[in-house]
Amino acid sequence: MSVFYDENANTFTLNTDNSTYQILIGRYGILLHLYYGEKTAGDLSYLMTYNVRGFSLNPYETGREFSLDTMPFEYPHYGNGDYRHASFNMKNADGVYGCDLRYKSHRITKGKYAIPKLPAVYAGENEAETLEIVLADEAAGAEVTLKYATLDKLDVITKAVSVKNIADKEITVTKAYSGALDVMYGDYDAVYLPGRSTGERHVKRVPVSPGSFSFGSVRGNSSHQYNPFMILADREATEDKGSCIGMALLYSGNFKCEVEYDQYRKTRVSMGVNGELFEYALKPGEVFDTPELAYIYSGEGLTVLSQRAHKLIRGHICRGAYRDAMRPVLVNSWEATYFDFNGEKLVKLAKDAAELGIETLVLDDGWFGNRTGDATGLGDWYVNEEKMGEPLSATVKKINSLGMKFGLWIEPEMVSEDSDLYRTHPDWAFTIPGRKPKMGRNQLVLDFSRKEVVDCVFDQIAAVMDAANVEYIKMDMNRCLMDIYSAAETRQNAGATMYKHVLGVYDFLERLLGRYPNLLFESCNGGGGRFDAGILYYSPQIWCSDNTDAIERIKIQHGTSFCYPSSTMGAHVTVSPNHQIGRSTPLKTRAAVAMSGTFGYELDPGKLPDAEKEQVKQQIKDYKKYWSLIHRGLYFRLTNPNENPDFAAWEFASEDKKEALLNFVTLDAWCNPPVFYVKVKGLDPDAAYYIEGKEKTYTGSALMNAGIPAPYMKGEYQTWQIHIIQK
Ligand code: GLA
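Since we're looking at a predicted model, the values are computed, not measured.

## Points about the overall build of the chain
In terms of regular secondary structure, the chain is built from twelve helices and 38 strands. A principal-axis box enclosing the C-alpha atoms of the chain has dimensions of 85 × 70 × 45 Å. Counting the 727 residues in the chain, one finds 62% classified as buried. Here the chain has roughly 26600 Å² of accessible surface; of this, 49% comes from carbon and sulfur atoms. Charge separation in the chain, taken as the distance between the mean sites of 79 positive and 94 negative side-chain charges, equals 2 Å.

## Some thoughts on the site of the ligand
Taken together, 13 residues lie near the ligand, and Asp-364, Asp-365, Arg-441, Lys-474 and Asp-546 sit nearest. Within the side chain of Trp-409, an N or O atom sits 3.0 Å from an oxygen atom of the ligand. Within the side chain of Asp-476, an N or O atom sits 2.9 Å from an oxygen atom of the ligand. Protein burial of the ligand: of its 310 Å² of free accessible surface, 96% is covered by the chains.

## Quick word on the sheet that holds strand β36 (residues 697-699)
Pairing is antiparallel across the open sheet formed by six strands, whose spatial order is β31-β32-β33-β38-β35-β36. At either margin of the open sheet sits one strand with a lone partner, and together these are β31 (634-637) and β36. Strand-to-strand twist in this sheet, taken as the mean axis angle between neighbours without regard to direction, amounts to 25°. Note: β31 against strand β32 (residues 647-653), four bridges, orientation antiparallel. Across the sheet, Arg-637 pairs through a bridge with Trp-650, a residue of β32. Its contacts with the sheet put helix α11 (residues 610-632) on β31, β32, β33 (659-666) and β38 (719-726), and the angle it makes with β33 is roughly 85°.

## What about the packing of aromatic side chains?
Using the criterion set out here, one finds 39 aromatic pairs in the structure. Pairing Tyr-21 with Tyr-148 gives two aromatic rings, centres 6.0 Å apart and planes at 55°, and the pair type is tilted. You can see Tyr-21 sitting in strand β3 (residues 19-25) and its partner Tyr-148 sitting in strand β8 (residues 142-151), a full 127 residues away along the chain. Among the residues examined, Tyr-148 registers a relative accessible area of 2% and is labelled buried. Positioned above the aromatic ring of Phe-458 is the side chain of Arg-511, whose terminal nitrogen or guanidinium carbon lies 5.6 Å from the ring centre.

## Description of the pairing of strand β35 (residues 688-691)
Every second residue of β35 is oriented toward a common face, the buried set being Tyr-689 and Ile-691 and the non-buried set Ala-688 and Tyr-690. Count of turn residues in the β35/β36 antiparallel hairpin: five residues, of which Gly-693 carries a positive phi of about 90°. Across three bridges, the pairing between β35 and β38 is antiparallel. Note that in β38 the partner of Tyr-689 across the bridge is Gln-726.

## Quick word on the environment of Ile-171
Following the sequence through the fold, Ile-171 ends up in strand β10 (residues 171-183). Separated by 78 residues in the primary sequence, Ile-171 and Ala-93 place their C-alpha atoms 5.5 Å from one another. Once residues lying within four places of it in the same chain are set aside, the contact partners of Ile-171 are Met-90, Lys-91, Asn-92, Ala-140, Gly-141, Ala-142, Lys-164, Asn-165, Tyr-280, Ala-281 and Leu-282.

## Brief notes about the packing of helix α10 (residues 587-594) against α11
Close contact between α10 and α11 brings their axes to 11 Å; oriented N to C, the two are set at 25°. With respect to α11, the axis of α10 lies roughly parallel. The two elements α10 and α11 cross, and the hand of that crossing is right-handed. Across from Leu-587, Lys-588 and Ala-591 in α10, the residues of α11 making contact are Glu-612, Gln-615, Val-616 and Gln-619. Partitioning the contact of α10 with α11 into residue classes produces three nonpolar, two polar and two charged.

## Points about the domain arrangement of the chain
Accessible area lost upon the coming together of the parts is a frequently used measure of interface size. When its domains are assigned, the chain resolves into domain 1 (3-316), domain 2 (319-327 + 520-598 + 605-630), domain 3 (338-406), domain 4 (411-458 + 478-516) and domain 5 (647-726). Distance between the C-alpha centres of domain 1 and domain 5: 41 Å.

The rules behind the values
Residues numbered from 1 in each chain as written. Predicted model: local features only at pLDDT ≥ 70, side-chain atom pairs only at ≥ 80, totals over all residues. Heavy atoms only, no water. Helix = DSSP H or I, 4+ residues; strand = E, 2+ residues; numbered from the N terminus. Buried < 20%, exposed > 50% of the residue type's maximum accessible area, 1.4 Å probe, protein only. Areas by Shrake-Rupley, 256 points an atom, 1.4 Å probe, with all protein chains shown as cover. Lys, Arg positive; Asp, Glu negative; His and termini not counted. Charge placed at Lys NZ, Arg CZ, Asp CG, Glu CD. Near = heavy atom within 4 Å. Polar contact = N/O pair within 3.5 Å; in protein donor to acceptor, adjacent residues only side chain to side chain. Pairing = 2+ DSSP bridges. Axes fitted to C-alpha atoms, helices over the stretch in contact; angles between N-to-C directions. Contact = heavy atoms within 4.5 Å. Phe/Tyr/Trp six-rings, centres within 6.5 Å; stacked < 30°, edge-to-face > 60°. Lys NZ or Arg CZ within 6 Å of the ring centre and 35° of its normal. Parallel < 35°, antiparallel > 145°, perpendicular 65-115°, else oblique. Left-handed = near helix turned anticlockwise from the far one by under 90°. Nonpolar A, V, L, I, M, F, W, Y, C, P; charged D, E, K, R; others polar. Domains from an automatic or database assignment.

Right under this line is the structure:
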């Protein structure tokens, strides 16, 4: 039993293999947080101190018994006497803000709860247990159910909240986070993943200090700039030791993470749908569901935390036929042809690719409507046969006859003003009546909060997929939301409409997966602008970044790895010099970096010199050989590429410690350099190992404690990739 209620102590305890989370039904039914950390037995309610402080408020029932803004709350909300960041706020029909939620009931069940219309961690009946605690404020008209589930083996605890209107008039939810964590004492760092377009998820670590710190998105997507993931790490925690708690929000829209360090040195971290712009009206009886927040615990440092997050995402968030399967090596047409292709050219591309061992051709942007460039055609999801020179089915048949699969790019949420769809339904795009909208990449966003809009786009795309053998979809989103006005709403609220838009996107994805269960699905958002645990419920991989420069990618993939596994990171070999930044790198290095994700090429293979063609053939064989290690093994960050200017190193090791793949890339060119040593991780210290192709034997302890010298390699950005095998 991993969840239990102690009726004497009035505590709920949630245990995983290595962690404990404890909640107290405090005096007067106030729900308080006691502990989250290393697995700990017993009643921890002695940790709670009830102090009276000046300029603090007390519960009505008590007189000056204890001060509310000093207490660690389980679900902090505005109106209960706490002045720190609230996770929940509401207003009643008269416009009065706030509520005071008290314990009402609870329920413990086997298995894992699901959330209507939203992605959620899934687990077998015996893999998880669920706790639901109902809080209520009858006078305010709100009943709030806090849902928790434990996944013991993974050291994961999930949270989600649903808010029900129990009044006889409308209430409005103005903030409803998925969860908060109040920590009573200690010094912590926040580790998070800020970035920018073409420079996503560069890891950053900052001390949690007095005041508050927050990051998030109001762009309608989870964004290039901030990722809905953070780690609260002990100040002393490193890759290899110390306690840390990861928090991943399964949501692809506006979000916020707030970290507050208060006057009494308590830390609060909360995350959920961004409360900015947000007002969600609930009629009597209606319910609002928050997205899910997954907590991952490690008492052994950041590497183990990431490895547990990877297992959670791979086995309990990603779904579909390709969840565990080897992904085909693909060639994507974007950097190979951009908009300049036709059926014949694509078949030639496929033929040249097939000769090298590439297995899928993905036709990127430009195949539909009047899509001659980025200003036209979005919304008209029918094949431009004039451009293609033949029906898509004919092109696909030729490609399939080469033994290649075929994939297609779509951008369903978007519309160009110059499109039949926009001309027919101008009110389907987000624009404010009487005002000119802001444009992004010359396009507008469709209002996916409206079912008829989703239906229309879905039907068009399904018709294309039904007519040709499309086995792979890359779904893009190339601008952010603004000018939010929904013609379907009687009362406008940008935040609520953007939340409903995200539900519409999830509905679209669910329909797609339901109708085409064998589809390999990759999502994308102008690169990695929607790289979150929510979208991974639908697509097992995401295009990591539009920046395909191998050296820049090392940093992006390094940051991404803190939460997301290699099996989710779309990564392609492109030409040198790189199209985005103009840097030249060896083909071997480009392949080693791309191989650490879902591997593919984004170039014209026919234009490669013969020697490079041979290299590509070998790279594809290598990828297949190492695939299981890379996609199922344990990932180790051996250096921090943001700090080490000399070289970057990372590693994949099998859980049984039988083999490891070490990747080492120099970040500079040297004359007469020092020798660089790398300490390998994840081996059996007592076992003997050799490097494939070499005679010498090493002990695991030697490779891990003393390390191994990297060879001198002349020139910039050289790669050393070795396969370490147990004897
Ligand atoms: C975005 C994607 C690219 C490509 C283009 C096509 O930028 O990230 O990979 O698909 O759109 O327009």
